[in-house]
Amino acid sequence: VCPNDNVREASPTTVVEEAFREAKRLDALFTTYSSQGPVIRLNKGAGLGFQTVPEQLVEILLLSRSYTETTGGAFDVTVGPLLSLWRSAGQSGEVPSRSAIGEALTSVGSDKLEFQGTNDVALRQPEMSLDLGGIAKGYALDRVAHVLRERGVGDALLNFGHSSLWALGSPGDTERWRLLLRWPSGQQIGLASFSDQAVSISGTLSNTTTIEDRRYGNIIDPRSGQPVGRDLLACVVGQNAAQAEVLSTALLVIGELSGIELLESIDGVEGMLIEANGGAWTTTGWKQASRFSLL
């Protein structure tokens, strides 16, 4: 964070602490790693009717459902049964059978999410489970950016795990925040710079499991139930971090032709898809939006 004369009512340290509190609160709200979290309670109550959940969980689920429609099902937070199936496959060392994948797919689909009133949500089928990993980080980053803006912070680079970023304003000595893009292996790709833009970087094989001498990544196509088999890296610039995160994941799933076409159809969005073997595809406005240059 670059403090400036517009920071009012609180010291820069206090503002940063407030931003971290908001991030921690949202992590507790959306995590699937805590048995006390509302997402886990929803998953445990799948098929048992409506549950009352926090307002922001309803908001992110409604937002996620709209992105499922936008991406033609390439992004879907009900992908939990497939993620669980492939995690089990990694532990057993056996690729899931076609019938097992087909069975898991019957419990996937945001059309099976039901909403009632303001705070009631139901997972229609007993085997359904939610995983917000493809949107929650971006959503939380947007909320943190909002906290900083409300406190008068206009210049800050927010970085959630090197994959979701908000470039607010500029660092002061230059007009844009400069970023070095890398493969998960550490190999450098190129330089990019951003200002007042949300950025998401996603890869297919950043976390892999080896089954029967073949690497499988953790990006699962909710439509087919299969992991994305290519070694790809996607970078998307969006109007907000939730949008950028969803679309960078969807770009990996959809691929270069339909994926770039999808990004081109959405106002304020630009992106790039790179394959480890050297292939690269970009939207028409990517270079201008990112000032990207290969190394």
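See above for the structure.
Throughout what follows, the structure given in this document is the object of discussion. (Residues numbered from 1 in each chain as written. Predicted model: local features only at pLDDT ≥ 70, side-chain atom pairs only at ≥ 80, totals over all residues. Heavy atoms only, no water.)

1. A closer look at the overall build of the protein
Tallying secondary structure elements over the protein gives nine helices and 14 strands in all. A compact globule built from 295 residues would reach a C-alpha radius of gyration of about 19 Å, and the protein, at 20 Å, matches this within 12%. For the protein, the spread of C-alpha atoms along the principal axes amounts to about 60 × 45 × 35 Å. When each of the 295 residues of the protein is scored for burial, the buried share is 51%. Nonlocal contacts in the protein, meaning residues at least 24 apart in sequence, comprise 63% of its contacts between residues at least 6 apart. (Helix = DSSP H or I, 4+ residues; strand = E, 2+ residues; numbered from the N terminus. Rg over C-alpha atoms; globule rule 2.2 N^0.38 Å. Buried < 20%, exposed > 50% of the residue type's maximum accessible area, 1.4 Å probe, protein only. Contact = heavy atoms within 4.5 Å.)

2. Thoughts on the side chain of threonine 78
Relative to the elements of secondary structure, threonine 78 occurs in the loop between helix H3 (55-70) and helix H4 (80-92). Engagement of the side chain of threonine 78 in a polar contact is seen with the side chain of aspartate 76, the distance being 2.6 Å. Polar side-chain contacts of threonine 78 include one of 2.6 Å to the backbone nitrogen of glycine 109. (Polar contact = N/O pair within 3.5 Å; in protein donor to acceptor, adjacent residues only side chain to side chain.)

3. Some remarks on the pattern of salt bridges
Scanning the model with the defined rule gives nine salt bridges in all. Here glutamate 22 ties to arginine 25 by a salt bridge, and the two come within 3.0 Å at their closest N and O atoms. On the criterion of helical spacing, the pair formed by glutamate 22 and arginine 25 is a turn pair, its members being three residues apart in helix H1 (residues 12-30). Taking the relative accessible area as the measure of exposure, arginine 25 reaches 40% and is therefore partly exposed. Glutamate 256 is the salt-bridge partner of arginine 230, the closest N and O atoms lying 2.9 Å from each other. With arginine 230 in the loop between strand E10 (214-217) and strand E11 (232-238) and glutamate 256 in helix H8 (residues 256-264), this pair connects stretches of sequence that are 26 residues apart. (Salt bridge = Lys/Arg side-chain N within 4 Å of Asp/Glu carboxyl O.)

4. Structural notes on the sheet that holds strand E2 (residues 113-116)
Strands pair in a sheet through their backbones, by hydrogen bonds, and they do so in one of two ways: parallel or antiparallel. Sheet architecture is open: three strands sit in the order E1-E3-E2, paired in antiparallel fashion. Looking along the sheet, the strands with just one partner apiece sit at the ends: strand E1 (51-52) and E2. In the sheet, E2 pairs with strand E3 (residues 120-123) via four bridges, with the strands oriented antiparallel. Bridge pairing in E3 links phenylalanine 115 to valine 121. Here H3 sits on the sheet in contact with E2 and E3, set at roughly 130° to E2. (Pairing = 2+ DSSP bridges. Axes fitted to C-alpha atoms, helices over the stretch in contact; angles between N-to-C directions.)

5. With respect to the packing of aromatic side chains
Under the definition given, this model contains three aromatic pairs. Between tryptophan 86 and tyrosine 216, the aromatic rings sit 5.2 Å apart at their centres with planes inclined by 35°, giving tilted as the arrangement. Here tryptophan 86, found in helix H4, pairs with tyrosine 216, found in strand E10; they are 130 residues apart in sequence, far enough to count as distant. Like tyrosine 216, tryptophan 86 is buried. Seen in terms of ring centroids, tryptophan 286 and phenylalanine 292 are 6.0 Å apart; in terms of plane orientation they differ by 50°. Their pairing is tilted. With a relative accessible area of 2%, tryptophan 286 lands in the buried category. (Phe/Tyr/Trp six-rings, centres within 6.5 Å; stacked < 30°, edge-to-face > 60°.)

6. Digging into the packing of H4 against helix H5 (residues 98-105)
Across the interface, H4 lies against H5 with an axial gap of 8 Å and an inter-helix angle of 150°. As the angle between them shows, H4 and H5 are arranged roughly antiparallel. Judged by the twist between their axes, the crossing of H4 over H5 is right-handed. Of the residues in H5, those touching H4 at Pro81, Leu82, Leu85 and Trp86 are Ala100, Ile101, Ala104 and Leu105. Its residues placed into classes, the contact of H4 with H5 shows eight nonpolar, no polar and no charged. (Parallel < 35°, antiparallel > 145°, perpendicular 65-115°, else oblique. Left-handed = near helix turned anticlockwise from the far one by under 90°. Nonpolar A, V, L, I, M, F, W, Y, C, P; charged D, E, K, R; others polar.)

7. Overview of the nonpolar core
Among the nonpolar cores identified, the biggest contains 26 residues, and Phe30, Leu57, Ile60, Leu61, Leu130, Leu132 and Ile135 are the most heavily contacted of them. Those elements giving two or more residues to this core turn out to be H1, helix H2 (38-44), H3, E3, helix H6 (136-150) and helix H7 (241-254). The leading source of residues in this core is H3, at five residues. Those residues in contact with leucine 130, other than ones at most four positions away along the chain, are Thr32, Val39, Leu42, Asn43, Leu61, Val77, Thr78, Leu113 and Leu123. (Core = buried A, V, L, I, M, F, W, Y, C linked by side-chain atoms within 4.5 Å.)

Treat this as a map of the structure, not an account of what it does.
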